[in-house]
Amino acid sequence: MTSPAPSDAAGAAGAGTPPVVLDQVSVSIGGRPILRDVDLTVRVGDMVTLLGPNGSGKSTLVRAVTGLLPHTRGTVRLFGTPIGDFADWQRLGFVPQRSTATGGVPATVREVVASGRVGRRRLLRPTGAADRRAVESALEVVGLADRASYGVSQLSGGQQQRVLIARALAGEPDLLVLDEPTAGVDLPNQQALADALARLKERGATILLVAHEIGPMMPLIDRSVVMRDGLVAYDGPPLTQEVAAHTHHAHEHDLPGGHDHAPHVASPFDWERGGRA
Ligand SMILES: Nc1ncnc2c1ncn2[C@@H]1O[C@H](COP(=O)(O)OP(=O)(O)OP(=O)(O)O)[C@@H](O)[C@H]1O
């Protein structure tokens, strides 16, 4: 990649400071507990996938991490700073679920990607050479350099997803959070995404990824976390694609466990055995 390296991935808080730490975090929506006492640490340079059945709380967790949703209990720290005091938002890139993204936006691919630089630019400063380089580089990484002047709405769904990823990459984030970037995306687009994430990872960035389809990203993954019913059910070495698929297709009513327990970390295989470890 030709763009400059991201800003010091370690941050002011120190070389080993984890970009994400959740300590006993609970989130309630409308009085209903959605996340319950979640502990999660994402270390510098790691790529962590968040897996789990529909409705298990994965999107809620990443929305709490990105500050889009307030937590009701516990502590969320970004780069060592409690999220309420965190101000370095340009260090964080977020790719939301596709359905909330580009629909009907009458903008060119380059414009959307350039919008990812906003957090890096000083207020009212015109676009500089570094901005242009970062945008061109991000377009290249996701394989859309030749589509830069196309309208976003002219692209396929998978290509639109890559535009959003390029927008996040253009901001040269130290931490990139992606919510199901591969949902409904064909294999070539999944491969393009995996290549883009590999490049980002090589530059020392940390990646937190909600994914149902791991596919070509499997070799990049350092750790898997499985959510179940608002709790962390597994936190450990990367799961095989087969097991990941199983966790996706499981439904809450098939899974053992009550609603009033402390976080329980176990193997996802326990689900198949039909009992809690
Ligand atoms: N804004 C909201 N209002 C009410 N309930 C919500 C809201 N957002 C999420 N929920 C509920 O919180 C629970 C967890 O949802 P969440 O989207 O975090 O799950 P998920 O694991 O990301 O699911 P999926 O894989 O389907 O995206 C679900 O029961 C959902 O209905």
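Thresholds applied
- Residues numbered from 1 in each chain as written.
- Predicted model: local features only at pLDDT ≥ 70, side-chain atom pairs only at ≥ 80, totals over all residues.
- Helix = DSSP H or I, 4+ residues; strand = E, 2+ residues; numbered from the N terminus.
- Contact = placed C-beta atoms within 7 Å.
- Near = placed C-beta within 6 Å.
- Nonpolar A, V, L, I, M, F, W, Y, C, P; charged D, E, K, R; others polar.
- Buried ≥ 20, exposed ≤ 12 C-beta atoms within 10 Å, placed from the backbone.
- Pairing = 2+ DSSP bridges.
- Axes fitted to C-alpha atoms, helices over the stretch in contact; angles between N-to-C directions.

Draft legend 1. Molecular detail of the environment of Pro-181. Among the secondary structure elements, Pro-181 is positioned in the loop between strand E7 (175-179) and helix H5 (187-202). Residues within four places of Pro-181 in sequence aside, it is in contact with Val-95, Gln-161, Ile-165 and Leu-193.

Draft legend 2. Inspection of the site of the ligand at higher detail. Taken together, Ile-29, Gly-30, Ile-34, Gly-52, Asn-54, Gly-55, Ser-56, Gly-57, Lys-58, Ser-59 and Thr-60 are the residues near the ligand. Here the shell around the ligand takes three residues from helix H1 (residues 58-65), the largest share from any one element. Class assignment of the residues belonging to the shell around the ligand gives a composition of two nonpolar, eight polar and one charged.

Draft legend 3. Region of interest: unusual backbone geometry. Phi angles above zero are rare outside glycine, and Asp-37 is one such case at about 50°. Along the polypeptide, Asp-37 turns up in strand E2 (residues 32-42). Positive phi, normally seen in glycine, also occurs at Glu-172, with a value near 45°. You can see Glu-172 is positioned in the loop between helix H4 (157-170) and E7. For Glu-172, a count of 26 C-beta atoms within 10 Å corresponds to the buried category.

Draft legend 4. Region of interest: the sheet that holds strand E9 (residues 223-228). Read from one edge to the other, the open sheet built from six strands follows the order E6-E7-E8-E3-E9-E10, with strand pairing classed as mixed. Each end of this open sheet is capped by a strand with a single partner; those strands are strand E6 (92-95) and strand E10 (231-236). Ignoring strand direction, the axes of neighbouring strands in this sheet form an average angle of 15°. Judged from the five bridges that link them, E7 and strand E8 (residues 206-210) form a sheet pairing that is parallel. Note that in E8 the partner of Val-177 across the bridge is Leu-208. Sitting on the sheet, H4 touches E6 and E7, and the angle it makes with E6 is about 175°. Here H5 sits on the sheet in contact with strand E3 (47-51), E7 and E8, set at roughly 150° to E8.

Draft legend 5. Structural view of the environment of Arg-117. Along the polypeptide, Arg-117 turns up in the loop between helix H2 (109-114) and helix H3 (129-141). Residues Arg-117 and Ala-130, spaced 13 residues apart in sequence, show a C-alpha to C-alpha distance of 9.7 Å. The contact partners of Arg-117, leaving out residues within four places of it in the chain, are Asp-131, Ala-134, Val-135, Ala-170 and Gly-171.

Draft legend 6. Structural context of the environment of Ser-59. With respect to the helices, strands and loops of the structure, Ser-59 is situated in helix H1. Sequence separation between Ser-59 and Arg-167 is 108 residues, and the spatial gap between their C-alpha atoms is 20 Å. Sequence-distant contacts of Ser-59, that is, excluding residues within four places in its chain, are made with Gln-97, Asp-179 and Val-210.

Draft legend 7. Structural view of the sheet that holds E2. What the four strands build is an open sheet, ordered E2-E1-E4-E5; its pairing is antiparallel. Each end of this open sheet is capped by a strand with a single partner; those strands are E2 and strand E5 (81-82). Where strand E1 (residues 20-29) and E2 come together, seven bridges link them in antiparallel fashion. Looking at E2, one finds that Val-27 is bridged to Leu-35. H1 rests against E1, E2 and strand E4 (73-78) of the sheet, and its axis sits at about 65° to E2.

Draft legend 8. Representation of H1 in the model. A large share of H1 lies buried, amounting to eight of its eight residues. Those residues of H1 that sit buried are Lys-58, Ser-59, Thr-60, Leu-61, Val-62, Arg-63, Ala-64 and Val-65. Gly-67 occupies a position one or two residues after H1 and carries a positive phi of about 80°.

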